Amino acid sequence: MTLRLGTRGSALAMAQSGTVAQAVRDRTGRDVELVEIVTTGDRSSAPIQTLGVGVFVSALRDALVANEIDFAVHSYKDLPTAQAKGLVIAAIPQRHDPRDALVARGGLTLNELPAGARIGTGALRRIAQLNALGRRFEPLPLRGNVDTRLRKLAEGEFDAIVLAHAGLTRLGRAGEATEVLDPLLMLPAPAQGALAVECREDDAELRELLAALDDEYTRAAVTAERALLAELEAGCSAPIAALAEVAEGDDGPEIYLRGAVFSPDGGFALRLSRTGTLADAAEVGRALARDLREEGADNALGVQHDPHP
Ligand SMILES: NCc1[nH]cc(CCC(=O)O)c1CC(=O)O
């Protein structure tokens, strides 16, 4: 039977789903058809922070639960930290580049942009890190599909924009990046650049097919990054960044996790790291979140402390 792959209709989502569909065809010989699903996030152009969590995801999950599609591909970083009931992330394919990219008019790099440069980005995490550079850049709100963002840059609304390098690459527009940003300057969002392939928990046959697409190192890295996010996320949409990398250590592969929290104005920036084994990925993430909290992350995250506990 033909497998139904639910996808958003944006060019980025179609590219991501197309790649996964082809990988499933190649590995299993099964037919895969794309079924377009419109999400709340696609319908609205309001700032993401005002729309709530899961705006790009809920409609796809509803279609999975209702058996209208068999599996779905999400940008992992768009997923709420809570796993949906009755569904499972059956595969996390290999992630190629988690970093952010700068696209600037005139081919400029971050270092070459003048003070006051207007930099388009809607993400608090990126705004805070731009501010933390102390270069008096002017971050301005920017939303929309990757193509829309690039068009607004070309039209002169901004001097530069910041967006995920993976998104540019998947649209065949990586050549337009004028700099791929070093994570020391711009630590990416947890799970940025990774895909989540989701299906029904009780669909054992499909789970087994999809498991062939899973990449062990990417899964460990994403697990650590997302565990950090979940542990810190005390009901806030605060600027949290995390990046885990896997390197060969003396006793096998090791995970190196960096995490950071910022106040929106960039005045408070806290960056810490931890290492551990792949099997401990989730605990590495939680432990780093606790470290961040001990060093004052709550100051940035706006957590209310009860003065009379
Ligand atoms: N929030 C929107 C979104 N979700 C996933 C990506 C890019 C691809 C990815 O990170 O996997 C983007 C655009 C961006 O951040 O520039």
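Below you will find a few notes about this structure. The structure displayed is predicted, hence computed values, not measured ones. Think of each chain on its own: its residues are numbered from 1, step by step along the sequence as written. Local features in this predicted model are restricted to residues whose pLDDT is 70 or higher, and side-chain atom pairs enter the listing and the counts only when it is 80 or higher, whereas totals over whole chains, interfaces and linings include all residues.

### Concerning the nonpolar core
Inclusion rule: Residues enter a nonpolar core if they are buried, belong to Ala, Val, Leu, Ile, Met, Phe, Trp, Tyr or Cys, and are joined to the set through C-beta atoms within 7 Å. In this scheme the burial state of a residue depends on its C-beta neighbours within 10 Å: 20 or more other such atoms mean buried, 12 or fewer mean exposed, and anything in between means partly exposed; the C-beta positions come from the backbone. Here a strand is any run of E in DSSP of at least two residues, a helix any run of H or I of at least four, and the numbering for each starts at the N terminus. Once C-beta atoms have been placed from the backbone, residue pairs whose C-beta atoms lie within 7 Å are recorded as contacts.
With 82 residues, the main nonpolar core has Ala 160, Ile 161, Val 197 and Ala 224 as its most contacted residues. With 8 residues, the single largest contributor to this core is helix α9 (residues 216-232). In this structure, Ala 224 is in contact with Ala 244, Ile 255, Leu 257, Ala 281, Ala 282, Val 284 and Gly 285, ignoring residues within four places of it in sequence.

### Some details on the sheet that holds strand β13 (residues 269-277)
To keep it simple, the criterion reads: Paired strands are those between which DSSP finds at least two bridges. Angles here are taken between N-to-C directions and fall from 0 to 180 degrees, while the axes themselves are lines fitted to C-alpha atoms, restricted in helices to the stretch in contact.
Reading across the sheet, the 3 strands line up as β11-β12-β13 and stay open at both edges, with antiparallel pairing between neighbours. Looking at the sheet topology across the chains shown, the edges are occupied by β11 (240-249) and β13. Pairwise comparison of adjacent strand axes, ignoring direction, gives a mean angle of 15° for this sheet. Bridging between strand β12 (residues 252-262) and β13 involves 9 bridges; their strand directions are antiparallel. The residue of β13 that forms the bridge with Phe 262 is Ala 269. Sitting on the sheet, α9 is in contact with β11 and β12, with an inclination near 145° to β11. Lying over the sheet, helix α10 (residues 281-294) contacts β12 and β13, oriented at roughly 150° with respect to β13.

### Topic: the sheet that holds strand β6 (residues 118-120)
Pairing in this open sheet of 5 strands is mixed, and the strands run β7-β6-β8-β5-β9 from one edge to the other. Each edge of the open sheet carries a strand with a single partner, namely β7 (138-140) and β9 (179-180). In this sheet, strand β8 (residues 160-164) lies alongside β6 in parallel orientation, the contact comprising 2 bridges. Within β8, the position partnered with Ile 119 by the bridge is Ala 160. With respect to the sheet, helix α5 (residues 124-132) is in contact with β5 (100-104), β6, β7 and β8, its orientation differing from that of β7 by roughly 170°.

### Let's talk about the site of the ligand
Under the convention used in this document: Only the C-beta atom matters for this test: placed from the backbone, it must lie within 6 Å of a molecule or strand for the residue to be near it. Here the nonpolar group is Ala, Val, Leu, Ile, Met, Phe, Trp, Tyr, Cys and Pro; Asp, Glu, Lys and Arg are the charged ones; every other residue, Gly included, is treated as polar. What fixes the domain bounds is an automatic or database domain assignment.
Neighbouring the ligand are Ser 75, Lys 77, Asp 78, Leu 163, Ala 164, Ala 166, Gly 167, Gln 192 and Gly 193. For the shell around the ligand, the elements supplying multiple residues, two or more each, are β8 and α7 (165-170). The residue inventory of the shell around the ligand, partitioned by class, reads 3 nonpolar, 4 polar and 2 charged. Both domains that furnish three or more residues to the shell around the ligand are identified here as domain 1 (3-93 + 194-214) and domain 2 (100-180).

### Quick word on the environment of Glu 225
Mapped onto the elements, Glu 225 comes out in helix α9. Residues Glu 225 and Pro 190 lie 35 residues apart in sequence; the distance between their C-alpha atoms is 5.0 Å. Leaving out residues up to four positions away in the same chain, Glu 225 has contacts with Pro 190, Ala 191, Ala 242, Leu 243, Ala 244 and Gly 285.

### What about the pairing of strand β2 (residues 32-36)?
How we decide: If the strands point away from the viewer and the path from the first strand over the helix to the second runs clockwise, then the crossover is right-handed.
Pairing of strand β1 (residues 3-7) with β2, which is carried by 5 bridges, proceeds in the parallel orientation. Directly across from Gly 6, in β2, lies its bridge partner Val 35. For the segment spanning β1, helix α1 (residues 11-28) and β2, crossover handedness is right-handed.

### Quick word on α9
Stated precisely, the cut-off is as follows: Expected span of a helix, by definition, is 1.5 Å for each gap between consecutive residues, and there is one gap fewer than residues.
Between the first and last C-alpha of α9 there are 25 Å, a value that for 17 residues agrees with the 24 Å anticipated at 1.5 Å per step. Within α9, 12 of the 17 residues are buried, leaving the element largely enclosed by the surrounding structure. Those residues of α9 that fall on the buried side of the exposure criterion are Thr 218, Ala 220, Ala 221, Val 222, Thr 223, Ala 224, Glu 225, Arg 226, Ala 227, Leu 228, Leu 229 and Leu 232.

### A look at the packing of α9 against α10
Formally: Two helices that cross are described as forming a left-handed crossing if the nearer one is turned anticlockwise from the farther one by less than a right angle, and a right-handed crossing if clockwise.
Contact pair α9 / α10: the axes reach a minimum separation of 7 Å and the direction vectors enclose 35°. α9 and α10 meet at a crossing whose hand is right-handed. Listed contacts from α10 to Ala 220, Thr 223, Ala 224, Glu 225, Arg 226, Ala 227, Leu 228, Glu 231 and Leu 232 of α9 are Ala 281, Ala 282, Val 284, Gly 285, Arg 286, Leu 288, Ala 289 and Leu 292. Here the residues of the contact of α9 with α10 are counted per class, giving 11 nonpolar, 2 polar and 4 charged.

### Let's talk about the pairing of strand β3 (residues 71-75)
Among the 5 residues of β3, 5 are classified as buried, and the element is accordingly described as predominantly covered. Neither face of β3 is exposed, since Phe 71, Val 73 and Ser 75 on one face and Ala 72 and His 74 on the opposite face are all buried. Sheet topology places β1 next to β3; 2 bridges connect them, and they run parallel. If you follow Leu 5 over to β3, its bridge partner there is Phe 71. In this structure, β3 lies alongside strand β10 (residues 195-200), joined through 5 bridges in antiparallel fashion.

### A few points about unusual backbone geometry
Despite not being glycine, Arg 136 has its phi angle at roughly 55°, a positive value. Residue placement: Arg 136 occurs in the loop between α5 and β7. A positive phi angle, close to 70°, is found at Ala 191, a residue other than glycine. With respect to the secondary-structure elements, Ala 191 resides in the loop between β9 and β10.

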